[in-house]
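Survey of secondary and tertiary structure
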Amino acid sequence: MEPLTSMGVLALMGAAATIAGASEDLESDVGSQSNPNSQVQLAPQMMYPHRIYNKAVSGEPPSNALMCAIGGTTASVLMTTGASPILALIIGSIVAAAVHGTYSVTSYFGRSASQKRFKQPIYLDLIRSHTPVIMGYAFITTFCILVVSYLMVAVMAHPFSLPLLAFIWGIAVGAIGSSTGDVHYGAEREFQNVEFGSGLNAANSGNIVRKAESGLRNGIDNSWFCAKFGGPATGIAFGMVVFLSGWITVVFDPSISEVMGWESIIAGVAMVLLMVMWNRKIEVDARNAFGPYKSDEEEVAA
Amino acid sequence: MIDIVGIIADDFLNILMITFGGVLISLGVHLVPVGGAPAAMAQATGVGTGTVQLAAGAGLTGLVTAGFMMNATDSMGLVVASGTVGAMIMIAVTMLVGQWLYVYGVGCPPASAKVKYDPITKDRQDLYVSQGTEGHGIPTASFISGVIGAGLGGLGGSMIYFYLLSIENGLPEADFIGIASIFAIGLFFVNAVIPSYNIGGTIEGFHDPKFKRFPKAVFASLVATFLAAIMGVVAIGGM
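Remember, it's a predicted structure, so these values are computed and weren't measured experimentally.

What to know about the overall build of chain A
Scanning chain A for helices and strands turns up 11 helices and zero strands. Taken from N to C terminus, the helices and strands of chain A fall in the order α-α-α-α-α-α-α-α-α-α-α. Taken over the C-alpha atoms alone, chain A extends approximately 60 × 60 × 25 Å along its principal axes. Classification of the 302 residues of chain A by burial places 52% in the buried group. Put simply, of all contacts in chain A between residues at least 6 apart along the chain, 78% involve residues at least 24 apart.

With respect to the overall build of chain B
Within chain B, the regular secondary structure consists of eight helices and two strands. The globule rule puts the C-alpha radius of gyration for 239 residues at 18 Å, and the 19 Å found for chain B is close to it. Taking the principal axes of its C-alpha atoms as reference, chain B extends roughly 65 × 35 × 25 Å. Here chain B holds 239 residues, and the buried ones make up 68% of them. For chain B, restricting intrachain contacts to residue pairs at least 6 apart in sequence, the fraction spanning at least 24 positions comes to 75%.

Considerations on the interface of chain B and chain A
Between chain B and chain A, the residue contacts involve 70 residues of the former and 70 residues of the latter. At the level of secondary structure, the elements contributing two or more residues to the side of chain B that touches chain A comprise helix H3 (36-40), helix H4 (51-72), helix H5 (76-106), helix H6 (140-164) and helix H7 (173-199) of chain B. Examining the composition of the side of chain B that touches chain A, we find that 22 residues originate from one element, H5(B), more than from any other. When its residues are assigned to classes, the side of chain B that touches chain A shows 42 nonpolar, 28 polar and no charged.

Side note on the confidence of the model for chain B
All names here are of chain B. Within chain B, residue pLDDT values average 90, and 100% of them lie at 70 or more. The weakest mean pLDDT in chain B belongs to helix H1 (residues 4-10) at 84; the strongest belongs to H5 at 94. Confidence metrics for the complex model read pTM 0.94 and ipTM 0.93.

Side note on the nonpolar core
Core analysis: the largest hydrophobic core is formed by 160 residues, its most contacted members being Val241(A), Val93(B) and Leu164(B). A per-element tally of this core places H5(B) first, with 19 residues. Residue assignment places this core across two domains, with domain 1 (3-239) and domain 2 (252-290) of chain A each supplying three or more. If near-sequence neighbours (up to four positions away) are discounted, Val241(A) is found in contact with Ala172(A), Ile176(A), Thr61(B), Ile89(B), Met90(B) and Val93(B).

Some words on H5(B)
Residue and element names in this part refer to chain B. Taking 1.5 Å as the rise per residue, H5 with 31 residues should run 45 Å; its terminal C-alpha atoms sit 44 Å apart, in good agreement. Buried residues dominate H5, accounting for 27 of its 31 residues. Positioned one or two residues after H5, Gly-107 has a phi angle of 80°, which is positive.

With respect to the domain arrangement of chain A
Along its sequence, chain A is carved into domain 1 (3-239) and domain 2 (252-290). For domain 1 of chain A versus domain 2 of chain A, the distance between C-alpha centres works out to 29 Å.

Side note on the packing of helix H7 (residues 181-189) of chain A against H5(B)
Interaxial distance between H7(A) and H5(B) falls to 9 Å at its minimum, and their mutual angle equals 30°. When the interaxial angle is binned, H7(A) and H5(B) end up roughly parallel. Judged by the twist between their axes, the crossing of H7(A) over H5(B) is right-handed. Two secondary-structure elements touch here, H7(A) through Val183(A), His184(A), Ala187(A) and Glu188(A) and H5(B) through Gly98(B), Leu101(B), Tyr102(B), Gly105(B) and Val106(B). When its residues are assigned to classes, the contact of H7(A) with H5(B) shows five nonpolar, three polar and one charged.

Reading guide: rules and limits
Numbering of residues begins from 1 in every chain and follows the order in which that chain's sequence is written. The order in which chains are written sets their letters, starting at A; the order in which ligands are written sets their numbers, starting at 1. pLDDT decides what is reported in this predicted model: residues at 70 or higher carry local features, side-chain atom pairs at 80 or more are listed and counted, and totals for whole chains, interfaces and linings draw on all residues regardless. Put simply, DSSP marks the helices as runs of H or I at least four residues long and the strands as runs of E at least two long, and each gets a number from the N terminus on. Three exposure classes are used. Buried residues have 20 or more other C-beta atoms within 10 Å of their own C-beta, exposed residues have 12 or fewer, and partly exposed residues fall in between, all C-beta atoms being placed from the backbone. We call two residues in contact whenever the C-beta atoms placed from their backbones are within 7 Å. For a compact globule the rule gives 2.2 Å times the number of residues to the power 0.38, and the radius of gyration it is set against comes from C-alpha atoms. Ten residue types, Ala, Val, Leu, Ile, Met, Phe, Trp, Tyr, Cys and Pro, are classed as nonpolar, four, Asp, Glu, Lys and Arg, as charged, and the remainder, Gly among them, as polar. A score from 0 to 100, pLDDT tells how confident the predictor is in each residue. In these notes, a nonpolar core means any group of buried Ala, Val, Leu, Ile, Met, Phe, Trp, Tyr and Cys residues linked to one another through C-beta atoms within 7 Å. Either an automatic procedure or a domain database provided the assignment from which the domain bounds are taken. A helix's residues, less one, multiplied by 1.5 Å, set its expected span. All axes are obtained by fitting lines to C-alpha atoms, using only the stretch in contact for helices, and the reported angles, taken between N-to-C directions, cover 0 to 180 degrees. Should an angle fall under 35 degrees it is taken as roughly parallel, and over 145 as roughly antiparallel, whereas 65 to 115 is taken as roughly perpendicular and any remaining angle as oblique. The handedness criterion is simple: a crossing whose near helix is rotated anticlockwise from the far helix by less than a right angle is left-handed, and one whose near helix is rotated clockwise is right-handed.

Printed below as a string of structure tokens:
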């Protein structure tokens, strides 16, 4: 393929992946999924009943993989009947969002009902207001992942099938969302009642912030906060993964010659080394800026 | 009737290499710094997600790049190298952006609670661990350990994929690739789950004392992957 065309396609894939990453993280913040949900789940048991949507269908990677695989399979079947790819991808994403919405509602009911003995109420208005938002984010995530997967299959001639690529990217976006954006929700938003940067003492577990800027805090308040940093950061991470892992083989095309293939490997390793150095710089800067939490006892004794 | 013994005898090298790929994945998972749920609350060093999920996310990204490479070239070295690099890029990006969140979003410097000095940078660690936590963020030792671990995972995953595609059978190419890739993903999960019993939720990387337990998991992976490889080779070779 023309290098310029494949660069354009890759840019489109990167853009779609960035949106997918951001919406994936915000979806998990509205519904409270994955690791930070352990605190939402724990709070009523520590006598802190709350008004936060508590779904946690499963860990984020499997739940996103399920969504994307359902969407990919539906789209794939529709395309074999002659439907246009855009229509097929949209209908696939709608089906995936509907399935995800069903799981969200049942898991909210199940999780909240199981905490009746801790006086955790079930808010029906929360279901009416949050579930469409969750489904909306799920639709955006699935659609963008399907766009990435479809472009890989149809334009870049990737040998894997559309549902399989959608499944793999679903796992990847979930893993990235749960390792990056969720930290902003779990370590900062849920615990704004402790001083910024003081660390979260394990003794505070379950004592999540339950009051909002106005009224009681709910999942939509959380996504409002996380949309400022956690969501976009997740988007950048997933966009970078899709873009960089494709960029090395687009620029150094292995189908031209084997030497080019090895150059693509070297380019990839160079990128990883750059990221190691960048990480080290952040580490040093953070240590200098924040300083230690305690003084060195050996020095004090001397 | 499928000639099971004949298929196993013909593809014994493939079975051995698939098993070796599984062992590499198992070893690689031990090196990835996962903090599980506590890390998502900045209460443990490492990336804030589960072992299996992170390893699978990285390894499968490697599988996608390896699959792409295999479409363009027959060179085994290039296929496994691209799988390795794809997984390394995924984990490096994830850890780097995770680090942004810990430093700029939560305000905690990266620190390990398992060692007093970072084995690579020799930086003092214990003073930077906030009260009541087991460390936070991703110090350089954990970062490098994670990159190596994901690289091994990607290497193992793409080796499995490559040797599954080397089995002779009568399937059309698209079906063959579909079955081989699904089987490679399945074996990846098997070998990502086995070490997670060793890790028990959190591990910081090669400097973590838990890392010393890896021989048991590697042995378990060897047995599990060997049996799975025989089944896979017979199933695919008999088609």
